[in-house]
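Architecture at a glance
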Amino acid sequence: MRPLGRTKITPKNLTTTAWVLREQGSGTRSMFEAALRKSGIKLSDLRIALELPSNEAVRAAVETGDCAIAISDLVVKPSLTARTLHRVKIDLPQRPFFMLRHKERYASHAEKALLASYGV
């Protein structure tokens, strides 16, 4: 999000900006919608500028415009480091992830790295 110098907002502030969201049915969007409902905000209360099918497309759209997103830290980490996006803190629930692997298969380097990033 890039709201003029703010570092913390309230749920009520969510209706005062344009949003770029993942497509309906995505896990990211489902978690965001659940957080909105918990805060007493309907999705129809938001000004939705775009709905896009991938995290990377959503991130890129916000980097080139003046909109907000609710997206995974892992997706926006490079943009935060490059200062092309600005984080605004708001309390949203953590999204659970599950990893399944056949017991007779070895763990790939990518799987090990992902687990290590979560301290597992």
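Placed above this text is the structure.
One structure accompanies this document, and this report is about it. The structure displayed is predicted, hence computed values, not measured ones. (Residues numbered from 1 in each chain as written. Predicted model: local features only at pLDDT ≥ 70, side-chain atom pairs only at ≥ 80, totals over all residues. Heavy atoms only, no water.)

Some thoughts on the pairing of strand β2 (residues 47–52)
This is how it is decided: For two strands to be treated as a pair, DSSP must find no fewer than two bridges joining them. We count a stretch as a helix when DSSP gives it H or I for four or more residues in a row; a strand needs E for two or more, and each element gets its number in order from the N terminus. Viewed with both strands pointing away, a crossover whose connecting path from the first strand over the helix to the second turns clockwise is right-handed.
Summarising the sheet, strand β1 (residues 18–22) and β2 pair through 5 bridges and their orientation is parallel. Across the sheet, R22 pairs through a bridge with L52, a residue of β2. Tracing the backbone out of β1, into helix α1 (residues 27–38) and back to the parallel element β2 gives a crossover that is right-handed.

A look at unusual backbone geometry
To keep things clear, this is the line we draw: For every residue, the accessible area (1.4 Å probe, protein chains only) is compared with the maximum for its type, and the residue is labelled buried under 20%, exposed over 50%, or partly exposed between those bounds.
A positive phi angle is found at R83, which is not glycine, with a value near 60°. Relative to the helices and strands, R83 is located in the loop between α3 (73–81) and α4 (109–117). With relative accessibility at 75%, the residue R83 sits in the exposed group.

Topic: helix α2 (residues 55–63)
Put simply, the test is: Along the arc lie the directions from the helix axis toward the C-beta atoms. It only takes one pair of heavy atoms within 4.5 Å for two residues to be counted as in contact.
By the burial criterion, the buried members of α2 are N55, V58, R59, A61 and V62. Taken end-on, α2 shows its buried residues confined to a sector of 160°, consistent with a single buried face. Lining the buried residues of α2 we find β1, α1, β2 and α3.

Quick look at the side chain of R59
For clarity, the threshold we go by: Here the positive residues are Lys and Arg and the negative ones are Asp and Glu; neither His nor the chain ends is included. For salt bridges, the criterion is a side-chain nitrogen of Lys or Arg within 4 Å of an Asp or Glu carboxyl oxygen.
Looking at the secondary structure, you find R59 in helix α2. Of the side chains with opposite charge, E63 lies nearest to the buried R59, which makes no salt bridge, at 4.2 Å. Those residues in contact with R59 that sit more than four places away from it in its chain are I69, V75, V76, S79 and L85.

Quick notes on the packing of aromatic side chains
This is how it is decided: Working definition: rings of Phe, Tyr and Trp (its six-membered ring) pair if their centres are within 6.5 Å, and the pair is stacked with planes under 30 degrees apart, edge-to-face with planes over 60 apart, and tilted otherwise.
Applying the stated criterion to the full structure yields 1 aromatic pair. Pairing W19 with F32 gives two aromatic rings, centres 4.9 Å apart and planes at 40°, and the pair type is tilted. With W19 in strand β1 and F32 in helix α1, this pair connects stretches of sequence that are 13 residues apart. As far as the burial class goes, W19 and F32 line up, both buried.

Looking at empty space enclosed by the protein
Put simply, the rule reads: A cavity here means a set of points on a 1 Å grid, drawn over the protein atoms and nothing else, where a 1.4 Å probe fits but cannot get out; a pocket is an open set with protein on both sides within 12 Å along at least five of seven lines, and a residue lines either one if it has an atom within 4 Å of a point. Grid points are joined across faces, edges and corners, and a volume is the space filled by probe spheres set on the points. Residues are grouped as follows: Ala, Val, Leu, Ile, Met, Phe, Trp, Tyr, Cys and Pro are nonpolar; Asp, Glu, Lys and Arg are charged; every other residue, Gly included, is polar.
Taken as a whole, this structure holds 1 cavity of 30 Å³ or more when the rule is applied. Approximately 50 Å³ is the volume found for the largest cavity. Together, V20, L21, R22, T28, R29, F32, V58, I69, A70 and I71 line the largest cavity. The residue inventory of the lining of the largest cavity, partitioned by class, reads 7 nonpolar, 1 polar and 2 charged.

Looking at the nonpolar core
Threshold: Think of a nonpolar core as a cluster: buried Ala, Val, Leu, Ile, Met, Phe, Trp, Tyr and Cys residues, connected wherever their side-chain atoms sit within 4.5 Å.
Judged by nonpolar contacts, A18, V20, L52, V58, A61, V62, C67, I69, I71, V75, V76 and L85 together constitute the single largest core of 12 residues. Within the residue set of this core, elements represented by two or more residues are β1, α2 and α3. Element by element, the count of residues in this core is highest for α2, at 3 residues. Formed by 10 residues, the second largest nonpolar core is a distinct cluster that contains F32, I41, L46 and V88.

Shape is all these values report; function is a separate question.
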